[in-house]
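Each chain, letter by letter, is given below.
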Amino acid sequence: MITSLINENLMCLDLKVTSKDDVFDTLSEFLLREGKISDKAQFVADLQAREAQGSTGFEDGIAIPHAKSKAVVEPAVAIGICREGIDYGSEDGLPSKLFFMIASPDGGADHHIEVLAELSSKLIEDGFVDALLAAKTAKEALVLLLEEKPADVAQESAAEVANKGFLIGVTGCPAGVAHTYLAAESLEKAAAELGYEIKVETNGSIGVKNSPSAEEIARADAIIVACDKQVDMNRFAGKKLIKSGVKEPIKRGKQMIENALQAPAYQAQAGGEGDQAPAQKTKATSALYTYLMNGVSYMIPFVVTGGLLIALSLAIGGVPTEQGMQIPEGSFWQPVLDVGVVAFTLMIPILAGYIAYAVGDRPALAPGLIGGWIANNGSFYGSEVGTGFIGAIIAGLLVGYFIRWVTSLNYPKVMQPLVPIIIAPLSGTFFIAVIFITLIGAPVAGMIDSMNAMLVNMSGGNIIILGMILGAMSGFDMGGPVNKVAFLFGVGMIASGQTQFMGALACAFPVPPLAMWMSTVIGRKMGLFDPTEIEAGKAAGAMGFVGIGEGAIPFAVRDPLTVIPANVIGSMVACVMAFLFGITNTVAHGGPIVALLGAMNKPVIAVMCMIVGAVVTCLITVTLKKYRLVKSQAAELQVS
């Protein structure tokens with residue numbers, strides 16, 4: 001495929017660029033000159049739209065920007081080399097030097113995916129990247145790209161004598177692009193060198209390809225699952241299996257195969273993730289993290305879409321009132337706000353549903369979504385507020401494990417087809433509804449009443465202590481019950497003419513999302529955040545501007561032990577400072593937007609309090625993440 005898409009005129013071995021935008025502009029110009037695209041501006045816009053979904057910068061100085069675009073006349077690949085390297089937002093935080101820009105016609109075949117798959121076989125060749133970077137002319141570089149691998153003959157010979165057995169691999173990354181195919185190619189190469197036949201299923205952005213049949217699974221000697229997304233594991237029950245992230249086999253393919261051949265049989269219902277490592281605590285933690293990340297990955301588009309629509313509508317069309325930021329009746333921005341609220345409302349059920357799906361597979365999805373809705377709607381259990389994202393996590397895990405148990409039971413043959421479509425979803429829904437309404441709901445309602453009574457009793461006490469408590473509550477669960485109790489207390493105080501409480505809370509509410517935005521800006525070069533978190537950070541910044549604390553939820557779910565304490569401390573700082581400076585607020589809302597629209601008595605000082613709190617949270621977050629990253633790398637180095 002790639003041989004027909006590149007030529008010497010589409011290659012530049014001495015790019016003079018200093019940024020990602022420069023790379024897009026320069027390589028797009030090559031495509032335009034060669035007649036591969038008709039509209040450079042449109043193609044660049046489509047490249048940037050793809051980049052917004054997740055960075056196309058990978059490890060080892062390689063970046064693969066790509067897009068399907070109406071501006072593409074003919075599929076092509078432009079290649080550039082920047083000797084100095086640029087900050088492209090790569091996963092390892094290092095400069096990118098080698099760029100493959102893939103142009104694919106909109107509505108046509110998935111040329112970009114096919115080229116990515118073909119490039120994978122080149123990029124994992126020993127010395128290929130170094131040789132390409134060392135090329136002196138475009139002709140020399142073209143020869144390197146088009147020549148057959150020297151090892152092909154040896155690999156074909158190895159394949160011919162691949163009589164040691166048969167293996168199955170499964171690869172997939174959240175974006176479904178380069179890592180999926182790099183890992184697959186690496187496993188195929190390693191298996192051939194070890195004398196094994198292998199079939200690798202790829203879970204890419206164009207769907208699942210090359211899936212093994214039941215007969216192939218039955219004769220497989222071992223299974224290697226290198227995947228960062230949810231796949232059907234039950235089909236591998238009883239087979240030797242090892243599971244890892246998608247990056248693992250790219251550099252350690254042979255070792256993974258050898259480990260898989262020594263692994264115990266995978267127990268679908270009992271083992272969960274199937275990696276029977278000696279350290280049970282590590283295995284359980286890894287499985288839990290995988291479940292949470294599955295929920296987060298599906299939740300983020302709802303957070304970003306809903307949050308940005310709400311932020312945009314309030315920032316442009318909103319006006320401060322006693323009831324909070326309101327959009328005038330009949331305004332164009334009201335339906336924009338309404339759509340944003342719909343997306344935001346779905347956020348918590350989606351989180352619960354896909355956590356449940358990760359644990360209990362497809363039968364758990366419907367009851368998980370329903371459980372998330374119940375968790376987030378306090379009216380089901382007599383509470384003014386729902387349990388927020390913490391309740392969603394609880395609901396998702398409870399449903400997932402319950403469904404896993406239900407599906408593991410021995411049913412008569414005639415009932416087995418009904419289990420995934422009726423028995424499991426119906427029993428799971430009934431189970432989570434009863435749990436939340438009878439067991440979880442009453443304690444939550446009682447807790448809310450107790451916290452509200454405590455705040456009322458303290459309202460005339462020491463403002464520093466009260467500020468610390470209100471700040472901690474506002475930063476703890478970002479829209480959850482604890483946060484909402486603090487908010488409702490502030491609203492009640494406005495009604496009684498005491499606006500200083502809402503003034504302090506208005507400074508604390510935006511701290512978590514603003515801090516997460518700051519953290520991603522600082523931490524991206526340190527490799528502390530992945531591309532999806534960086535994009536979520538941008539949305540969090542916009543949400544923080546209009547006082548929407550939920551923008552920080554994805555970060556709290558991913559890394560609660562770091563993010564929640566940091567949010568609490570930063571929000572406490574902002575809240576105490578606001579009390580000390582005498583900040584007041586006459587509307588039931590927070591964030592810089594409220595100060596800038598004149599609802600706060602000292603807008604400049606109020607914004608300063610928000611910024612200081614956000615900086616404190618940001619510094620704590622980045623420091624803790626950096627410490628844990630260094631510690632993890634040291635542990636990996638010791639193991640290696």
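This structure is a prediction, so every number in the text was calculated from the model and none was measured.

I tried to follow the pairing of strand 9 (residues 222-227) on my own but got confused; where do I start?
Consecutive side chains of a regular strand alternate in pointing toward one face of the sheet and then the other. Strand 9 sits mainly inside the fold: six of its six residues count as buried. Neither face of strand 9 is left uncovered, since the one carrying Ala222, Ile224 and Ala226 and the one carrying Ile223, Val225 and Cys227 both have all their residues buried. Across six bridges, the pairing between strand 6 (residues 166-172) and strand 9 is parallel. Each bridged residue has a counterpart across the sheet, and for Ile168 the counterpart in strand 9 is Ile223. As judged from the four bridges shared by strand 9 and strand 10 (residues 241-244), these two strands associate in the parallel manner. Paired with Val225 across the bridge in strand 10 is Lys243.

Sorry, what's going on with the UniProt feature "transmembrane region" (unreviewed entry) in the protein here?
As recorded in UniProt, the sites labelled "transmembrane region" (unreviewed entry) are residues 298-319, 339-360, 380-406, 418-442, 454-473, 564-584 and 604-624. Along residues 380-406 the backbone is 70% helical and 0% strand, and the end-to-end C-alpha distance reaches 25 Å. In residues 454-473, the share of helix is 80% and the share of strand is 0%. The end C-alpha atoms are 12 Å apart.

Would you explain the side chain of Thr171 in this entry?
Locating Thr171 in the fold gives a position in strand 6. Once residues lying within four places of it in the same chain are set aside, the contact partners of Thr171 are Thr180, Ala183, Ala184, Leu187, Val200, Glu201, Thr202, Asn203, Ala226 and Cys227.

Whenever I open this one, the nonpolar core confuses me. Can you help?
A general tendency of soluble globular proteins is for nonpolar side chains to be buried together. In this structure, Leu351, Phe389, Ile393, Leu470, Cys507, Val557 and Met600 are the most contacted members of the largest nonpolar core, which totals 109 residues. Tallying contributions element by element places helix 12 (residues 333-360) first for this core, with 12 residues. Mapped onto the domain boundaries, this core takes at least three residues apiece from domain 3 (286-454) and domain 4 (460-637). Cys507 has contacts with Ala574, Ala578, Ile583, Met600, Ala606, Cys609 and Met610, leaving out every residue within four places of it along the chain.

Each value, and the rule that gives it
- Residues numbered from 1 in each chain as written.
- Predicted model: local features only at pLDDT ≥ 70, side-chain atom pairs only at ≥ 80, totals over all residues.
- Heavy atoms only, no water.
- Buried < 20%, exposed > 50% of the residue type's maximum accessible area, 1.4 Å probe, protein only.
- Helix = DSSP H or I, 4+ residues; strand = E, 2+ residues; numbered from the N terminus.
- Pairing = 2+ DSSP bridges.
- UniProt positions renumbered as here; feature names shortened; annotations may be inferred.
- Contact = heavy atoms within 4.5 Å.
- Core = buried A, V, L, I, M, F, W, Y, C linked by side-chain atoms within 4.5 Å.
- Domains from an automatic or database assignment.

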